[in-house]
Amino acid sequence: MENTNEMTIIFDSRPVNEGLARVAVASFCTQLNPTLEEVADLKTAVSEAVTNCIIHGYEGKVHKIKVICRLNGRELTVDVIDEGVGIADVEKAMEPLFTTKPEKDRSGMGFTFMEAFMDEVSVDSEVGKGTTVHMKKIIRR
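What comes next is a walk through the structure.

Quick notes on the rules
Residues numbered from 1 in each chain as written. Predicted model: local features only at pLDDT ≥ 70, side-chain atom pairs only at ≥ 80, totals over all residues. Heavy atoms only, no water. Pairing = 2+ DSSP bridges. Helix = DSSP H or I, 4+ residues; strand = E, 2+ residues; numbered from the N terminus. Axes fitted to C-alpha atoms, helices over the stretch in contact; angles between N-to-C directions. Buried < 20%, exposed > 50% of the residue type's maximum accessible area, 1.4 Å probe, protein only. Core = buried A, V, L, I, M, F, W, Y, C linked by side-chain atoms within 4.5 Å. Contact = heavy atoms within 4.5 Å.

1. What to know about the sheet that holds strand E5 (residues 130–138)
Strand order in this open sheet of five strands is E1-E2-E3-E5-E4, and the pairing throughout is antiparallel. Two strands close off the open sheet at either side, each with one partner strand: strand E1 (4–12) and strand E4 (120–126). Ignoring strand direction, the axes of neighbouring strands in this sheet form an average angle of 10°. Pairing between strand E2 (residues 64–72) and strand E3 (residues 75–82): eight bridges, direction antiparallel.

Take a look at the structure:
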């Protein structure tokens, strides 16, 4: 299709690579001429999803994180995928202020921020297999 484009990046689950993911997704999205606010929203949501992979999915161990971006017209979808421990109760995990790592000063607001900054957020997860966070944003311009 003419109005589509796709990018996949795979990187180590190291905190330093969170910035790489933010910038890569923001750069990919520039072809739609987004507003600065749309770019900032997207970067924040990607940052939260990648951080969840690092802290919760892999519990600080180094494995791979995959980010897949797709453009279809003005709709951008971003999937952030890990093959980590998975989430036993996705609904509970998505509640504001819920965290499984209070000792690490985690606010429990990651999914809440993703939902605030993106138009749609859903999560597929299987314990022992990993988690995929699906996010969608319409670039309005």
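2. Brief notes about the pairing of E3
One face of the sheet, then the other: side chains in a regular strand alternate in exactly this way. Counting buried residues along E3, six of its eight residues qualify, which places the element largely inside the surrounding structure. The loop that links E2 with its antiparallel partner E3 comprises two residues; one of these, Gly73, has a positive phi angle of about 65°. As judged from the eight bridges shared by E3 and E5, these two strands associate in the antiparallel manner. The residue of E5 that forms the bridge with Glu75 is Ile138.

3. Quick look at the nonpolar core
Within the largest apolar cluster, 35 residues are counted, with the highest numbers of intra-cluster contacts made by Ile65, Val67, Val78, Val80 and Met135. Secondary structure elements with two or more residues in this core: E1, helix H1 (17–29), helix H2 (36–57), E2, E3, helix H4 (110–117), E4 and E5. Broken down by element, this core gets its largest block of residues, seven residues, from H2. Other than its neighbours up to four places away in sequence, Met135 contacts Ala45, Val46, Ala49, Leu76, Thr77, Val78, Asp79, Val80, Met114, Met118, Glu120 and Val121.

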